[in-house]
Amino acid sequence: MFARLLLFWLLLGGLVPANVGAAPPQQVLTDTLLLKNPKGAHISEAYRYYTEPFATKPDPEQVEAQWRAGKFRPGPWHETLNLGILHKRVWMRLAVRNTESQRLRFLWSIFNFTDSAALYCRRRGETKFTQLAIASSWVPAAERAFPARALSFPFTLEANESAVLYLRIDLHAGALYLPTYIETAEHFLNWEMNFPFERHWVWMLGFYLSSALFNLVLFAFLRDRIHVWYLAYVVCVTLFLMMEDGLDAMLLPTGLYQLAWSIGQFNFVILAAAAGIRILQLFVRLGSGWPRLHRAGTWLAGTSAVFVLLYAVAFPWAVRHSLTMVQALNFTRELILICQFGYGWVTLLAVMLTRRRRLAAYYALTYFFFSAGFAIFWFNHIGLTSFNPVYPNALAWGLFFELLVLSALLTGRFRHTLRQNARLRIRQLRQRNSQSARLIAAQDEERERLARELHDALGPNLAALHLAWQGRAVQEAINSSPEAAAAGHHTELLLRHLRDEVRTFSHAILPAEPGLGGLCDSVAALAELLNLYGNPTVHTYCDKGLEQLPQPLQLAAYRIAAELLNNAVRHANATEVQVQLLLHPEALEILVDDNGNGFNKTQTRAGIGLRGVQARTEYLRGQMHIDSSATGTCIVVRLPLKE
């Protein structure tokens, strides 16, 4: 609580001018601005301004007549001329005199974007005004008559020469905030070179950029859309702030610069606020608890994007043909800004009344910094105030603190997401292991049933048939002729081979449990059984110490070896098969190698046996490697001894 009060006090202290309560300076207007006089009057003490409709043809002589008629007004005392949402042309009249004893070159600069501006001059002895220069902020700094981020108009005065200047300003965006100043070219260039450092722009832009890149990295890891919206938010607000101080004219290439201004400076605030709405919705998980509020925010964000597109398309036409449409577009823009600003606080207050109030409180701290800077900016923007307590401006600092806090919150969200993903992976692994265990158990049960059917049903019947074939009557019939005797002999061999095949097959599909002799004896017994019936010849080798392995691992290794051996015997057409069980410090290696005809792994679909081996291997977190060619096949399975 104390920290919050301290934060509020510091912010309030930053927003209150240092001279509150002090006596205001005496406001004395002067007729002529003495240039190059460090103790001379401020420009706001000398200029007068006048507004006229855009439809009126710009003519300094007609405006001078309005001056003589007393239609001009003084600007605010020592403040920027801020006329707010006003759709008129502005004329600024200033009488100047060079106080130096030498000819000097001066610059009258406007530090905000203007569609068109021109400088007119009437020197002593002249009866009419001469246009000295005309320029537009639509042209980037390098292509202007005087290359600078501000729209600058050069003029020269001889020693002690006086002149009357008119600065004409046409701005259709509806935000007539006109910071302006006159300085010698030398001092102006010196100020321009130091501006990015004195106004903190160098490290601020670096912070904005690093913050955006940081969230780009987070999105690459998490694929969380909140980081994409964060990136869009930072880009839009950074572009707006650069446009506010003219840095875009110095840093952006011509095409990108003109595209940005075609969209519109204040429309970037709308786009940023729309991205901020999406960030808010995702951060407080608005969609799962407040569907109507979530839909309203989504609709508002979408409407904002559509409006910006329509504004960019319609505004250039409206400037040339319909001032009423220009005003309607600009007032709609302000209404959308108010709705976006209000939606954020309504949403946060609604969420604070529920169980997710902690999330809302965290985000409210972030939103507070933006709100403070935005409120100062917006009141200045519409002309209610001309208050800028910090440099470069309150919105830039509000964005800085907002991004600082929001980056910390998103980092916390990143860590929370990592923990959730880790728990999800563990749950998925457990589910997969459980499914693998059930699959292997079902496979073993089916194999056992099939083996019993072969051994207990088909085996005895074949044995009975063999005995019947050897009966007296059958033998007498067979021996009745040489041809019958030969056929009977072949039939007896076939019956004997078929009985042995059934016995071998039943043992192969259901290997016996490792007996008292352990894993090595069981594998050797299986090889001996297969060797009784001819090709291929099976050779086995087992390392010492296999009997000390856990019983489940011995059983799994035995069944894997039996399955691979059965595949080699039945499908490889091999003459020799090598079975090796090698014990390593960290793994048990099962190697089955034959000299058969091999198979193509990319074209041949794995059979049930190999799929079963693969399932057992994955269940035990092992690895299986197959090397097959025309000269034989070698399959190696590694089972870890420790999980």
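For every chain, the first residue of the written sequence is number 1, and numbering continues from 1 along that sequence. Reporting in this predicted model follows two pLDDT cut-offs: at least 70 for local features of residues, and 80 or more for side-chain atom pairs to be given and counted; totals over whole chains, interfaces and linings ignore these cut-offs and use all residues. Values shown for side chains rest on all heavy atoms present in the structure; no hydrogens or waters enter the calculation.

*Asks:* How should a nonpolar patch on the surface be read in this particular structure?
*Replies:* Each patch is built from residues that are more than 30% exposed by relative accessible area and take part in no salt bridge. Like charges join if they lie within 9 Å; nonpolar side chains (Val, Leu, Ile, Met, Phe, Trp, Tyr) join within 5 Å. Calculation of accessible area relied on Shrake-Rupley with a 1.4 Å probe; when residues are assessed, cover is drawn exclusively from the protein chains displayed. Any Lys or Arg side-chain nitrogen found within 4 Å of a carboxyl oxygen on Asp or Glu counts as a salt bridge. Together, Leu 209, Leu 213 and Leu 216 make up a nonpolar patch on the protein surface, roughly 290 Å² of accessible area in all. Only DSSP runs of H or I reaching four residues or more are called helices, and only runs of E reaching two or more are called strands; each is numbered from the N terminus. Tracing the backbone through its elements, the reader meets Leu 209 in helix α4 (residues 201–222). Buried means the residue's accessible area, taken with a 1.4 Å probe over protein chains only, is under 20% of the maximum for its type, while exposed means over 50%, and partly exposed covers the values in between. Accessibility expressed as a relative area gives 53% for Leu 209, which makes it exposed.

*Asks:* Got a minute to help me understand the packing of helix α8 (residues 265–283) against helix α11 (residues 323–352) in this structure?
*Replies:* Geometrically, a packed helix pair is captured by the angle between its two axes and the distance between the axes. Axis definition: a line fitted to C-alpha atoms, limited for helices to the stretch in contact. Angles are taken between N-to-C directions and run from 0 to 180 degrees. Look at α8 against α11: their axes get within 10 Å of each other, and the N-to-C directions meet at 20°. Classed by the angle they form, the pair α8 and α11 counts as roughly parallel. Of the two elements, α8 crosses α11, and the hand of that crossing is left-handed. When α8 is examined against α11, the residues Phe 266, Asn 267, Val 269, Ile 270, Ala 273, Ala 274, Ile 277, Leu 280 and Gln 281 are found in contact with a partner set consisting of Arg 333, Ile 336, Leu 337, Gln 340, Tyr 343, Gly 344, Thr 347 and Leu 348. A breakdown of the residues in the contact of α8 with α11 according to their chemical character gives eleven nonpolar, five polar and one charged. We call two directions roughly parallel when the angle between them is under 35 degrees, roughly antiparallel when it is over 145, roughly perpendicular when it lies between 65 and 115, and oblique otherwise. For a crossing to be left-handed, the near helix must be turned anticlockwise from the far one by less than a right angle; the clockwise case is right-handed. The contact criterion used is simple: two residues touch if any of their non-hydrogen atoms lie within 4.5 Å. Residue polarity follows a fixed list, in which Ala, Val, Leu, Ile, Met, Phe, Trp, Tyr, Cys and Pro are nonpolar, Asp, Glu, Lys and Arg are charged, and the others, Gly among them, are polar.

*Asks:* Teacher, can you tell me more about the nonpolar core here?
*Replies:* Buried together is how nonpolar side chains tend to be arranged in soluble globular proteins. By size, the foremost hydrophobic cluster in this structure holds 107 residues, and its most contacted members are Trp 108, Ile 182, Tyr 208 and Tyr 233. Non-local contacts of Tyr 208, meaning those with residues more than four positions away in its chain, are made with Trp 201, Val 234, Thr 238, Leu 241, Ala 396, Leu 399, Phe 400 and Leu 403. The definition of a nonpolar core used throughout is a set of buried Ala, Val, Leu, Ile, Met, Phe, Trp, Tyr and Cys residues joined through side-chain atoms within 4.5 Å. Residues Leu 526, Val 538, Ala 574 and Val 613 belong to the second largest nonpolar core, which totals 33 residues.

*Asks:* Would you explain unusual backbone geometry in this entry?
*Replies:* Note: most peptide bonds trans; most residues except glycine with negative phi. Of note, the phi angle at Asn 160 is positive, near 60°, even though the residue is not glycine. With respect to the helices and strands, the residue Asn 160 is situated in the loop between β9 (151–157) and β10 (162–170).

*Asks:* Would you mind going over the packing of aromatic side chains with me for this structure?
*Replies:* Note on aromatic pairs: each is described by the distance of the centres and the angle between the planes. Pairing of aromatic rings covers Phe, Tyr and the six-membered ring of Trp, with a centre-to-centre limit of 6.5 Å; geometry is then stacked below 30 degrees between planes, edge-to-face above 60, and tilted otherwise. For the coordinates displayed, the defined rule picks out 16 aromatic pairs. For the pair Phe 113 and Trp 138, a centre-to-centre distance of 5.4 Å together with 85° between the ring planes defines the contact as edge-to-face. Of this pair, Phe 113 sits in the loop between β6 (104–110) and β7 (116–123) while Trp 138 sits in the loop between β8 (130–135) and β9, and the two are 25 residues apart along the sequence. When its relative accessible area of 11% is taken as the criterion, Phe 113 is described as buried. Through a chain of ring-to-ring contacts, the aromatic side chains of Tyr 50, Trp 67, Phe 72, Trp 91, Tyr 120, Phe 129 and Tyr 166 assemble into a single cluster. Arg 93 extends its terminal NZ or CZ atom over the ring of Trp 67, reaching a point 4.0 Å from the ring centre. Lysine and arginine charges are scored as sitting over a ring when NZ or CZ, respectively, is within 6 Å of the ring centre and within 35 degrees of the ring normal. Against the face of Phe 195 rests Arg 149, its NZ or CZ located 3.6 Å from the ring centre.

*Asks:* Before we go on, may I ask you to explain the environment of Thr 298 in this structure?
*Replies:* Summarising the element assignment, Thr 298 is placed in helix α10 (residues 291–321). As a C-alpha pair, Thr 298 and Ala 274 span 24 residues in sequence and 8.6 Å in three-dimensional space. With sequence-adjacent residues up to four places away left out, Thr 298 is seen in contact with Arg 278 and Gln 281.

*Asks:* Just checking my understanding: could you explain a positive patch on the surface for this structure?
*Replies:* Residues scored as charged are limited to Lys and Arg (positive) and Asp and Glu (negative), so that His and the chain ends carry no count. For the purpose of locating charges, the reference atoms are NZ of Lys, CZ of Arg, CG of Asp and CD of Glu. Among the surface-exposed residues, Arg 415, Arg 419, Arg 423 and Arg 427 lie close enough to one another that they form a single positively charged patch. As for its placement among the helices and strands, Arg 427 is situated in helix α13 (residues 394–469). You can call Arg 427 partly exposed: its relative accessible area is 45%.

*Asks:* Explanation requested: the sheet that holds strand β15 (residues 587–594) in the structure shown.
*Replies:* In any sheet, the strands associate via hydrogen bonds between backbone groups, in a parallel or an antiparallel arrangement. The criterion for strand pairing is that DSSP finds at least two bridges linking the strands in question. Ordered by their spatial adjacency, five strands build an open sheet running β13-β14-β15-β17-β16, and the pairing between neighbours is mixed. Two strands close off the open sheet at either side, each with one partner strand: β13 (537–542) and β16 (623–629). Mean inter-strand twist for the sheet, computed between neighbouring axes without regard to direction, equals 10°. Pairing of β16 with strand β17 (residues 632–640) involves seven bridges; the strand directions are antiparallel. Bridging from a neighbouring strand, Ser 628 pairs with Thr 633 of β17. Against the sheet, helix α16 (residues 518–531) touches β13 and β14 (576–583), its axis set at about 170° to β13. Helix-sheet contacts for helix α17 (residues 551–571) involve β13, β14, β15 and β17, and the interaxial angle to β15 is about 10°.

*Asks:* Explain the pattern of salt bridges here, please?
*Replies:* Pairing is possible between side chains that carry opposite charge, provided their charged atoms lie close to one another. If you walk through the whole model with that rule in mind, you get ten salt bridges. Across the pair Arg 93 and Glu 64 runs a salt bridge whose closest N-O atoms are separated by 3.2 Å. Taken as a pair, Arg 93 in strand β5 (residues 89–98) and Glu 64 in helix α2 (residues 60–68) lie far apart in primary sequence, 29 residues in all. On the basis of relative accessibility, which here comes to 10%, the residue Arg 93 falls in the buried class. A salt bridge links Asp 170 to Arg 168, with the nearest nitrogen and oxygen atoms 2.5 Å apart. Both residues of the pair, Asp 170 and Arg 168, belong to the buried class.

*Asks:* Mind showing me how you'd approach the pairing of β8 here?
*Replies:* Along any regular strand the residues' side chains alternate between the sheet's two faces. Where β7 lies against β8, five bridges are found, and the strand directions are antiparallel. Residue Ala 117 lies in a different strand from β8, and its bridge partner there is Ala 135. Counted along the chain from β7 to the antiparallel partner β8, the turn is six residues long, and its residue Gly 125 has a positive phi close to 95°.

*Asks:* Where do I start with helix α12 (residues 357–381) in this structure?
*Replies:* Along an α-helix, residues three or four apart share an orientation, since each turn contains 3.6 residues. The span one expects for a helix is its residue count, reduced by one, times 1.5 Å. In a regular helix each residue adds 1.5 Å, so 25 residues correspond to 36 Å; α12 covers 33 Å between its end C-alpha atoms and thus fits that length. Think of it this way: the bend at a residue is just the angle between two axes, each fitted to seven residues, one set ending at that residue and the other starting at it. Of all the bends in α12, the largest measures some 25° and sits at Leu 365. Where α12 ends, the next residue or the one after it, Gly 383, has phi of about 90°, a positive value.

*Asks:* In this structure, what is going on with the pairing of β5? I would like to understand it.
*Replies:* Most of β5 is tucked away: nine of the ten residues are buried. The sheet contact formed by strand β1 (residues 33–35) and β5 spans three bridges and is parallel. Bridged to Leu 33 within β5 is Val 96. Sheet topology places strand β2 (residues 48–52) next to β5; five bridges connect them, and they run antiparallel. Looking across to β5, one finds that Thr 51 is bridged to Val 90. In the sheet, β5 pairs with β10 via eight bridges, with the strands oriented antiparallel. Note that in β10 the partner of Arg 93 across the bridge is Tyr 166.

*Asks:* Sorry if this is basic, but what is going on with the sheet that holds β6 here?
*Replies:* One open sheet holds the three strands; their spatial order is β9-β6-β12, and the pairing between them is antiparallel. In the strand order of this sheet, the two ends are held by β9 and β12 (180–184), each with one partner. Averaged over neighbouring strand pairs, the angle between their axes works out to 20° when direction is ignored. Of the pairings in the sheet, the one linking β6 to β12 comprises five bridges and is antiparallel in character. Counted as the bridge partner of Ser 109 is Tyr 181 from β12. Packed onto the sheet, helix α3 (residues 185–198) meets β6, β9 and β12 and runs at close to 115° relative to β12.

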